[in-house]
Protein chains: 2
Amino acid sequence: MESIIENNRTQMRRGVLEYSILLILASSDEYASSIIQKLKNVNIIVAEGTVYPLLIRLKKLGLLTYRWEESPQGPPRKYYKITETGKQQLKGLDAAWDELSEGISSIRKGLK
Amino acid sequence: MESIIENNRTQMRRGVLEYSILLILASSDEYASSIIQKLKNVNIIVAEGTVYPLLIRLKKLGLLTYRWEESPQGPPRKYYKITETGKQQLKGLDAAWDELSEGISSIRKGLK
DNA sequence: ATCAAATACCTTGCAACACAAGGTATTTGA
DNA sequence: TCAAATACCTTGTGTTGCAAGGTATTTGAT
């Protein structure tokens, strides 16, 4: 018994995940668990099993690099950093998001 | 050779498709080709093979009904209409969209 | 010294779903 | 009679988020 809403919420999130991660990394270098926490803070809740493969993919595409750093406690952390290529691509994603927002906005106004 | 941007544009669109269609039908009854055209008008470009199965699915879920109507030319048209249940679910999707927009907005502001 | 808890990392298998491509049916008009 | 336009729909493929499960490191309590 799954609701249409919950299902679509997932779908919507799915569409902006890479974008969100690049946005976060454009601001500062972060490790996976920290990224997940930041996303959770803005109600974009996402599973570990989603983020790790995604970071690996973005790294393969040359949009990210990473370095290891000691942690205050626990195992070392893999800090990801956005590359120049990544920054350029991010601009394109910004545009894509804006376009989509405007599209939805237009349809919404068409009502009433 | 696929760009990250084009790929993500598709992903983003994907997430809001059901939402967009319900929004359009909340305004007026429409047939599939017309819905596709309206989406195209706001740069949410989508293929036929995407929309038809989706309408069928939404109908099965009880969010839409349809009736046949003669066309000025060509074959008859299947006009879809949103149900009361559909309208209720749409409210939930409105909320989901707003939440996502705010989430992205927050992350974006975190920059600079 | 040992073991539990916390923190991080990562992989596998499944299910959902958009899209490209291809197909059928109806009407009009040349 | 046949091409063009309009409309409907189905099938096969590839991508991908997620649940579940697994490994490794450190700290601190017993």
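Just so you know, these numbers come straight off a predicted model, no measurement behind them.

## Regarding the sheet that holds strand β2 (residues 64-69) of chain B
Residues and elements named next belong to chain B.
- What the three strands build is an open sheet, ordered β1-β3-β2; its pairing is antiparallel. Pairing within the sheet leaves two strands with one partner each, and these edge strands are β1 (30-31) and β2.
- For β2 and strand β3 (residues 77-82), the ladder comprises six bridges, and the chain directions are antiparallel. Its bridge partner being in β3, Y66 is matched across the sheet by Y80.

## Side note on the protein's contact with DNA strand C
- In the vicinity of DNA strand C lie 23 residues, with Y52, R77 and K78 of chain A together with R14 and T50 of chain B positioned nearest.
- Considering DNA strand C, the proportion of its atoms within 4 Å of the protein that are sugar or phosphate atoms stands at 75%.
- One of the side-chain nitrogen or oxygen atoms of R14 of chain B is found 3.5 Å away from a sugar or linking oxygen of DNA strand C.
- Across the surface near DNA strand C, the residue classes tally to nine nonpolar, eight polar and six charged.

## Re the protein's contact with DNA strand D
- Around DNA strand D, 24 residues are found, and the nearest of them are R14 and T50 of chain A together with Y52, R77 and K78 of chain B.
- Across the atoms of DNA strand D situated within 4 Å of the protein, the share located in sugar and phosphate is 74%.
- The side chain of Y31 of chain B places a nitrogen or oxygen atom 3.1 Å from a phosphate oxygen of DNA strand D.
- Secondary structure elements with two or more residues in the surface near DNA strand D: α1 (4-27) and α3 (48-60) of chain A together with α1 (4-27), α2 (32-41), α3 (48-60) and β3 of chain B.

About the thresholds
- Position numbers for residues count from 1 along each chain, tracking the sequence in the order it is written.
- To label them, take the chains in the order written and letter them from A, then take the ligands in the order written and number them from 1.
- Residue-level local features of this predicted model are given only where pLDDT is at least 70; pairs of side-chain atoms are given and counted only at 80 or more, and the full residue set underlies all totals for whole chains, interfaces and linings.
- As a rule here, side-chain values cover all heavy atoms of the structure and leave hydrogens and water aside.
- Whether two strands pair comes down to DSSP finding at least two bridges between them.
- Strands are runs of DSSP state E lasting at least 2 residues, helices are runs of H or I lasting at least 4, and numbering of each runs from the N terminus.
- Throughout, the term near means that a residue has one or more heavy atoms lying within 4 Å of the molecule or strand in question.
- Any pair of nitrogen or oxygen atoms within 3.5 Å is treated as a polar contact; in protein, a donor-acceptor pairing is required on top of that, and neighbouring residues in sequence qualify only through side-chain atoms on both sides.
- Charged residues are taken to be Asp, Glu, Lys and Arg, nonpolar residues to be Ala, Val, Leu, Ile, Met, Phe, Trp, Tyr, Cys and Pro, and polar residues to be all remaining types, Gly included.

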